[in-house]
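# Summary of the model geometry
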Amino acid sequence: MSSSKDAIYSRPLDQVADFRFDEHVAEVFPDMIQRSVPGYATIVDAIGQMAGRYAGADSLIYDLGCSLGAVSLAVSRYIQTPGCRIIAVDNSQAMAERCRRHVQTFRSDTPIEVVCEDLQNIPISNASMILMNFTLQFIEPGQRQAILDKIYQGLNPGGVLVLSEKIRHPTEAGNELLVELHHEFKRRNGYSELEISQKRTALENVMRTDSFKEHEERLRQAGFSDVILWFKCFNFASMVAIK
Ligand SMILES: Nc1ncnc2c1ncn2[C@@H]1O[C@H](C[S@+](CC[C@H]([NH3+])C(=O)[O-])CC(=O)[O-])[C@@H](O)[C@H]1O
Ligand SMILES: O=C(O)C(=O)Cc1ccccc1
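So, here is what we can say about the structure in this document. In this text, all values refer to a predicted model and were calculated from it rather than measured experimentally.

Taking 1.5 Å as the rise per residue, helix H6 (residues 172–188) with 17 residues should run 24 Å; its terminal C-alpha atoms sit 24 Å apart, in good agreement. Residues of H6 that are buried make contact with helix H1 (23–36), strand E5 (155–166), helix H7 (193–203), strand E6 (226–233) and strand E7 (236–242). Within two residues after H6, Gly190 carries a phi angle of roughly 95°, on the positive side.

As structure tokens, this is what we get:
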């Protein structure tokens, strides 16, 4: 699968437009996410591992905001659960098309169906696992509770939601520390100050972050009986919520 190095914000732009998951981003996405999200490869691999435990026979696993399908592929490589199928959803046509090609290349025992649709329009039922790896952060904050309610309803008893998010620390000084550590991580991965600051501007209106406490409260409100923070590095976190 061909993909290129992310240089999207490397030249000064007169005006930085809101970030979109378009062709340009899809083309460089593996490089972009790997160099931008601390622990990304670890998180994707661990979600595969968790599928080994939670994937249910004759059930569905939903990968919501699947991008190029990294999580779906990690899961499909990990499990051999009879009758289990993966539904990978993304509303970016550029992502969904590439994802379809990607999953065909790495065919496995567990079938992956790629659906290009807003995750809010997807019926969810008979799910043993629902995976949202850095997707909820791009949804309008006012719509987040309704989505989690629907996810909870669609999960089988004992089913899990794995929710990874960029989070905001509740104190200003603490948040500043985590943001600076993240920027340093990006610099160490070869991004310039210009790239970091232009992307930050592009994400400002598009990616609205919540604190861990806000996530936990919303998950509890939806009905989840336990919320486990299983990964955190700087301002990036991943939780498992159990029905
Ligand atoms: N309403 C929506 N409906 C469907 N998809 C959406 C919606 N809003 C955003 N997306 C999609 O959610 C994905 C978020 S990236 C996920 C990485 C992947 N999970 C990975 O593990 O590689 C995270 C990041 O780039 O930080 C994009 O592909 C959007 O098109
Ligand atoms: O790059 C960043 O600063 C991020 O917060 C993570 C990210 C990664 C890929 C697309 C959008 C945001």
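The rest of the description comes next.
Ordered in space as E3-E2-E1-E4-E5-E7-E6, the 7 strands form an open sheet in which the pairing is mixed. Edge positions in the open sheet fall to strand E3 (112–116) and E6, since each of these has one partner strand only. Strand-to-strand twist of the sheet, defined as the mean angle between neighbouring strand axes without regard to direction, takes the value 15°. Here helix H3 (residues 70–78) sits on the sheet and contacts strand E1 (60–64), strand E2 (85–90), E3 and strand E4 (127–133); the angle it forms with E2, its principal contact strand, is near 170°. Helix H5 (residues 144–154) contacts E1, E4 and E5 of the sheet and is inclined by roughly 145° relative to E5.

The environment of ligand 2 is made up of Phe19, Met32, Ser36, Val37, Phe138, Lys166, His182, Lys186, Lys199, Leu203, Met207 and Phe236. Separating an oxygen atom of ligand 2 from a side-chain N or O atom of Lys166 is a distance of 2.8 Å. Between ligand 2 and the protein, one listed contact pairs an oxygen atom with a side-chain N or O atom of Lys199 at 2.6 Å. Calculation on ligand 2 without its partners gives an accessible area of 320 Å², and the protein chains cover 93% of this total. Breaking the shell around ligand 2 down by element, the ones donating at least two residues are H1, H6 and H7.

With respect to spatial proximity, 22 residues lie near ligand 1, and among them Tyr40, Gly65, Ser67, Asp90 and Asn133 are the closest. Between Asp118 and ligand 1, the recorded distance is 3.1 Å, taken from a side-chain N or O atom to a nitrogen atom. Within the backbone of Leu119, a nitrogen or oxygen atom sits 2.9 Å from a nitrogen atom of ligand 1. When isolated, ligand 1 has an accessible area of 660 Å², and the protein chains bury 94% of it. Counting only elements with at least two residues in the shell around ligand 1, the list comes to H1 and H3.

Below, the discussion takes up the packing of H1 against helix H4 (residues 93–105). One way to put it is that H1 packs onto H4 with a least axis distance of 8 Å and a crossing angle of 45°. With respect to their mutual orientation, H1 and H4 come out oblique. Every pair of crossing elements has a handedness; the one defined by H1 and H4 is right-handed. Residues Glu23, Val25, Ala26, Glu27 and Phe29 of H1 form the contact with H4, whose participating residues are Ala94, Met95 and Arg98. When its residues are assigned to classes, the contact of H1 with H4 shows 5 nonpolar, no polar and 3 charged.

Next up on the list: the environment of Arg77. Summarising the element assignment, Arg77 is placed in helix H3. Here the alpha-carbon distance between Arg77 and Asp109, two residues 32 residues apart in the chain, equals 7.9 Å.

What counts, and at which threshold
- Residues numbered from 1 in each chain as written.
- Chains lettered and ligands numbered in written order.
- Predicted model: local features only at pLDDT ≥ 70, side-chain atom pairs only at ≥ 80, totals over all residues.
- Heavy atoms only, no water.
- Helix = DSSP H or I, 4+ residues; strand = E, 2+ residues; numbered from the N terminus.
- Expected span 1.5 Å × (residues − 1).
- Contact = heavy atoms within 4.5 Å.
- Pairing = 2+ DSSP bridges.
- Axes fitted to C-alpha atoms, helices over the stretch in contact; angles between N-to-C directions.
- Near = heavy atom within 4 Å.
- Polar contact = N/O pair within 3.5 Å; in protein donor to acceptor, adjacent residues only side chain to side chain.
- Areas by Shrake-Rupley, 256 points an atom, 1.4 Å probe, with all protein chains shown as cover.
- Parallel < 35°, antiparallel > 145°, perpendicular 65-115°, else oblique.
- Left-handed = near helix turned anticlockwise from the far one by under 90°.
- Nonpolar A, V, L, I, M, F, W, Y, C, P; charged D, E, K, R; others polar.

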